[in-house]
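The primary structure of each chain is shown beneath.
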Amino acid sequence: MKAKSEGFVPNALREVWAWKEAVYRETEGLGMSETLVHMHREAEAVRKKFGFKVVSPLVDVARVAEERNAYGEPTEKR
């Protein structure tokens, strides 16, 4: 099997690098909390643009099919 040359970089990785650079430039002068507010606003705009529903992650956790066991208790086989 031939090894790829060291200069090879997949296009997907280049896109990720470009995206990270763009995010860095957008939030360069902001503090951590301001950056989070900015990111949440951007995410909300995308959600509205594409019509995604708001889903609480806590709702999904509550719908686990298995019962919780206390730490150290063995799980029952069914």
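One structure accompanies this document, and this report is about it. (Residues numbered from 1 in each chain as written. Predicted model: local features only at pLDDT ≥ 70, side-chain atom pairs only at ≥ 80, totals over all residues. Heavy atoms only, no water.)

With respect to the side chain of His38
The test is simple: Where helices and strands are cited, they refer to DSSP runs of H or I of at least four residues and of E of at least two residues respectively, numbered from the N terminus. Only heavy atoms matter for contacts: two residues are in contact if any of them lie within 4.5 Å across the pair.
The topology assignment puts His38 in helix H2 (residues 32–50). Once residues within four sequence positions are removed from consideration, His38 is found in contact with Glu26, Thr27 and Leu30.

What to know about the side chain of Thr27
Applied cut-off: Summary of the burial criterion: residues with accessible area below 20% of their type's maximum are buried, those above 50% are exposed, and those between are partly exposed, where the area comes from a 1.4 Å probe applied to protein chains only. Definition of a polar contact: a pair of N or O atoms within 3.5 Å, with one able to donate and the other able to accept a hydrogen when the atoms are protein atoms, and with sequence-neighbouring residues admitted only if both atoms are side-chain atoms.
Turning to its location among the elements, Thr27 is positioned in helix H1 (residues 11–27). Judged by its relative accessible area of 11%, Thr27 is buried. From its side chain, Thr27 meets the backbone oxygen of Val23 in a polar contact 2.9 Å long. Not counting residues up to four positions away in its chain, the partners in contact with Thr27 are Thr35 and His38.

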